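Here's the letter readout for the chains.
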Amino acid sequence: MAASSASKLFRAGRSLLGGLNKNPTYPSELARTSNEFTCMDIFSQQQRTFIQMRTNLKVVDNSGAKRVMCIQALKGKKGARLGDTIVASVKEAQPGGKVKKGQVVYGVVVRAAMQRGRCDGSEVKFDDNAVVLVNKQGEPIGTRVFGPVPHELRKKKHVKILSLAQHIA
Amino acid sequence: MRLEKCWFCSSTIYPGHGIQFVRNDAKIFRFCRSKCHKNFKMKRNPRKVKWTKAYRRLHGKDMTQDSTFEFERKRNRPERYDRNLTEDTLKAIKTIDKVRVKREAKHHKLRIQGKKAMEHREAAKELAQSIHMVKAPAALQQDASLTLPKMKVKVSQEKSQENRMEE
């Protein structure tokens, strides 16, 4: 008699435990799947960010520099965006150009892969990060500008770059 | 102000909506919402995605050729402002829209018609071909070979006390 009642209790306890075990499995599984999804999203498309210290930028004018590295954004805590001015160091330069390798130059970001809001609330983004070298007064060093540039440069008083540009987006 | 079309789904983009991507060759891709932008980033072809206008046009699901589409075309020639002309245009927009909606409804109706008739025909054909497989319920009752014979199955016994303990 005692044995049978004990066995009943045991069974009841096991069923309870089973119930407990069963329930928490669902949330954990859900959490895992959601994590996987976010990871996939990040891997499929890199999150584009500000132009900050050590960002490499393409130089799209004929000043002689080919690649510069950002060493300071002149405005903004997080870094520079489309249309902002940066201080950069020349990393690659063509021989016989106006600027030499290792020189510290100013530049205007004319293309940025990170999207930037427009005045009407829509957004614009570009293929790459590109810069046009300017002097301290904001006049371009080169005499040509390659590729598309945004019309927001007019607001930033870089009309010279806009007039030199091939395409205005 | 200009109402653009989404590159992916061909819907209208009103000012202040969506995102535009400028490729290095200065081609501009405009997207009405992040859904279309994401699909573009995944390199999907709008002609192969079923919910886009391109797919629906390609597969004859929507009206493609109609005189009402001519009004809504991009023109690169600027129009000289004329108050009377603007007023007439605003009036015409409503009428044209009504006509277009009506024609679209007719187009869809015509498409459905053919499909329904075809389904009917196929169903009738199948019925004619396999009528011999269908038996009336009365016939099933009379002929014992058509139904499964009734069988008696033993109910399993309860387990003994010892077995329970071992569990």
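Residues numbered from 1 in each chain as written. Chains lettered and ligands numbered in written order. Predicted model: local features only at pLDDT ≥ 70, side-chain atom pairs only at ≥ 80, totals over all residues. Heavy atoms only, no water.

### Focus: the overall build of chain B
Going by this rule: Secondary structure elements follow DSSP: runs of H or I of four or more residues count as helices, runs of E of two or more count as strands, with numbering from the N terminus. Here's how the labels work: a residue is buried when its accessible area is under 20% of the maximum for its type, exposed when over 50%, partly exposed in between, all with a 1.4 Å probe on protein chains only. Note on contacts: a residue pair is in contact if any heavy atoms of the two residues lie within 4.5 Å. Accessible areas in this description were obtained via Shrake-Rupley with a 1.4 Å probe; residue shielding takes into account the shown protein chains only.
Counting secondary structure elements, chain B contains five helices and four strands. Secondary structure elements of chain B occur, N-terminal to C-terminal, as β-β-β-β-α-α-α-α-α. Among the 167 residues that make up chain B, the fraction classed as buried is 14%. Considering only contacts in chain B between residues 6 or more positions apart, those separated by 24 or more positions represent 42%. Only carbon and sulfur atoms are counted for the fraction: they give 54% of the accessible area of chain B, which is about 14,700 Å².

### Things to note about the layout of surface pockets
All names here are of chain B. Quick note on the threshold: Within this scheme a cavity is a closed region of a 1 Å grid, computed over the protein atoms alone, that accommodates a 1.4 Å probe without allowing it to escape, whereas a pocket is open but has protein on both sides within 12 Å along at least five of seven lines; lining residues each have an atom within 4 Å of a point. Grid points are joined across faces, edges and corners, and a volume is the space filled by probe spheres set on the points. Think of it as three bins: nonpolar holds Ala, Val, Leu, Ile, Met, Phe, Trp, Tyr, Cys and Pro, charged holds Asp, Glu, Lys and Arg, and polar takes everything else, Gly as well. Domain ranges listed in this record stem from an automatic or a database domain assignment.
The volume enclosed by the largest pocket comes to roughly 2,000 Å³. Forming the boundary of the largest pocket are 43 residues, of which Phe71, Glu72, Arg73, Lys74 and Arg75 lie nearest the centre. If you list the elements that add at least two residues to the lining of the largest pocket, you get β1 (4–5), β4 (28–31), α2 (53–58) and α3 (83–129). Here the element with the most residues in the lining of the largest pocket is α3; it accounts for ten residues. When grouped by side-chain class, the residues that make up the lining of the largest pocket number 15 nonpolar, eight polar and 20 charged. Both domains that furnish three or more residues to the lining of the largest pocket are identified here as domain 1 (1–59) and domain 2 (63–74 + 81–130).

### Describing the packing of aromatic side chains
All names here are of chain B. Under the convention used in this document: Side-chain rings of Phe, Tyr and Trp (the six-membered ring for Trp) are treated as a pair once their centres are within 6.5 Å; stacked means planes under 30 degrees apart, edge-to-face means over 60, and tilted covers the remaining angles. By definition here, charges over rings are those cases where NZ of Lys or CZ of Arg is within 6 Å of the ring centre and within 35 degrees of the ring normal.
Within the structure shown, the criterion is met by nine aromatic pairs over all chains. Their ring planes at 35° and their centres at 5.0 Å tell us that phenylalanine 29 and phenylalanine 40 sit as a pair that is tilted. With phenylalanine 29 in strand β4 and phenylalanine 40 in helix α1 (residues 34–41), the pair connects residues that are eleven residues apart, well separated along the chain. Aromatic side chains phenylalanine 31 and phenylalanine 40 sit 4.9 Å apart centroid to centroid with 40° between the ring planes, which places their arrangement in the tilted category. For the pair phenylalanine 31 and phenylalanine 40, one class covers both residues: buried. One Lys or Arg, lysine 27, reaches over the ring of phenylalanine 29 and ends 4.9 Å from the middle of that ring.

### Quick word on the side chain of Arg111(A)
The residue Arg111(A) is located in strand β4 (residues 104–111) in this model. Setting aside anything within four residues of it in sequence, one finds Arg111(A) in contact with Val60(A), Leu82(A), Phe126(A), Asp128(A), Asn129(A), Ala130(A), Phe146(A), Gly147(A), Pro148(A) and Asn24(B).

### Points about the sheet that holds strand β3 (residues 19–22) of chain B
Which entries qualify depends on this criterion: Whether two strands pair comes down to DSSP finding at least two bridges between them.
Strand order in the open sheet formed by four strands is β5(A)-β6(A)-β3(B)-β4(B), and the pairing between neighbours is mixed. A strand with exactly one partner marks an edge of an open sheet, and here the two such strands are β5 (116–117) of chain A together with β4 of chain B. Relative to strand β6 (residues 123–126) of chain A, β5(A) is paired through two bridges, and the arrangement is antiparallel. Bridged to Gly117(A) within β6(A) is Glu123(A).

### What to know about the UniProt feature "domain: TRASH" (unreviewed entry) in chain B
Rules: UniProt positions are given in the numbering used here, feature names are shortened, and annotations may be inferred rather than shown by experiment.
Residues given the UniProt feature "domain: TRASH" (unreviewed entry) here are residues 6–44 of chain B. Along residues 6–44 of chain B the backbone is 21% helical and 26% strand, and the end-to-end C-alpha distance reaches 14 Å.

### Quick notes on unusual backbone geometry
Excluding glycine, a negative phi dihedral is what most residues carry, and trans is how most peptide bonds are arranged. A positive phi is found at Arg54(A), a non-glycine position, where the angle reads about 80°. Residue position: Arg54(A) is located in the loop between α1 (2–44) and β1 (56–59). Residues other than glycine seldom take positive phi values, yet Ser10(B) does so here, at roughly 65°. Locating Ser10(B) in the fold gives a position in the loop between β1 and β2 (12–13). Note on Ser10(B): relative accessible area 26%, which makes it partly exposed.

### A few points about the nonpolar core
All names here are of chain A. Going by this rule: The term nonpolar core refers to a set of buried residues drawn from Ala, Val, Leu, Ile, Met, Phe, Trp, Tyr and Cys, joined through side-chain atoms within 4.5 Å.
Of all hydrophobic cores here, the largest spans 22 residues; its most connected members are Ile51, Val68, Ile86 and Leu133. Those elements that place two or more of their residues in this core are β1, β2 (65–73), β3 (85–93), β4, β6 and β7 (130–134). In terms of residues, this core owes the most to one element, β2, which gives four residues. When near neighbours in sequence (up to four residues on either side) are disregarded, valine 68 contacts Thr55, Asn56, Leu57, Val59, Ala88, Ser89, Val90, Lys91, Val105, Val131 and Leu133.

### Describing the sheet that holds β3(A)
Residues and elements named next belong to chain A. As a reminder of what qualifies: Orientation is described by axes fitted as lines to C-alpha atoms, over the contacting stretch for helices, and by angles from 0 to 180 degrees between their N-to-C directions.
Here we have five strands rolled up into a closed barrel, ordered β1-β2-β3-β4-β7, and mixed in their pairing. The average undirected angle you get between the axes of adjacent strands in this sheet is 55°. Strand direction decides the pairing type here: β1 and β7, joined by two bridges, are parallel. Across the sheet, residue valine 59 finds its bridge partner in β7, namely valine 131.

### A word on α1(B)
All names here are of chain B. Counted only if it meets this: This arc is taken over the directions from the axis of the helix to the C-beta atoms.
Taken together, the buried positions of α1 are occupied by Cys36, His37, Asn39 and Phe40. Angularly, the buried residues of α1 cover 165° about the axis, an arc narrow enough to put them on a single face. Immediately downstream of α1, the backbone of lysine 43 shows phi near 60°, a positive value.

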